[in-house]
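Examination of the molecular architecture
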Amino acid sequence: MMKSIFGVLFVGVVMATAAEISPALKGLQGRWNGERTNSEGQRNKSVLEIKDDKMEFRALDGDGSVRFIAKGNVKIEKAGDLRALVITDIRA
């Protein structure tokens, strides 16, 4: 019984170590801000924050009030010569 528990813990530690952030994702770490004007002339702001392998997106109106929040997991997948940002487990 003790050996099986130790085996499961060992596999978990190995998987957690292997899941370290990819070098391509390290370049995207931080907070990204955007601002635009919609068709009605109102200014809207958006903030995308990537920390480790987690993502949070916030859409704000002109007054700074939060209108929308989404959270998810991010990873980089290689498709030939391209690298694609993949967002999964999105919760809004």
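This text goes with the structure placed above it.
Once that is clear, we can look at the pattern of salt bridges. The final tally for this structure, using the stated rule, is five salt bridges. The network of salt bridges with common partners includes Glu 56, Arg 58 and Lys 71.

Along any regular strand, the residues point their side chains to alternate faces of the sheet. Relative to strand β5 (residues 82-91), strand β4 (residues 66-79) is paired through eight bridges, and the arrangement is antiparallel. Bridge pairing links Lys 78 to Arg 83 in β5. Hairpin connection of β4 to β5: two residues between the antiparallel strands, including Gly 80 at a positive phi of 70 degrees.

This paragraph deals with the environment of Arg 91. Mapped onto the fold, Arg 91 is located in strand β5. Overall, Arg 91 belongs to the exposed group, its relative accessible area being 54%. On a C-alpha basis, the gap between Arg 91 and Lys 71 in space is 5.2 Å, while along the polypeptide they are 20 residues apart. In contact with Arg 91, other than residues within four places in its own chain, are Ile 69, Ala 70 and Lys 71.

Below, the discussion takes up the sheet that holds β4. With antiparallel pairing, five strands are arranged side by side in an open sheet as β1-β2-β3-β4-β5. Every other strand in the sheet has two partners, leaving β1 (30-37) and β5 as the edge strands with one partner each. On average, each strand axis in the sheet is tilted by 25 degrees relative to the strand beside it, whichever way the strands run. Sheet analysis places β1 next to strand β2 (residues 43-51), joined by eight bridges and oriented antiparallel. In the strand pairing of β2, Trp 32 is matched with Leu 48.

About the criteria used
- Residues numbered from 1 in each chain as written.
- Predicted model: local features only at pLDDT ≥ 70, side-chain atom pairs only at ≥ 80, totals over all residues.
- Heavy atoms only, no water.
- Salt bridge = Lys/Arg side-chain N within 4 Å of Asp/Glu carboxyl O.
- Pairing = 2+ DSSP bridges.
- Helix = DSSP H or I, 4+ residues; strand = E, 2+ residues; numbered from the N terminus.
- Buried < 20%, exposed > 50% of the residue type's maximum accessible area, 1.4 Å probe, protein only.
- Contact = heavy atoms within 4.5 Å.
- Axes fitted to C-alpha atoms, helices over the stretch in contact; angles between N-to-C directions.

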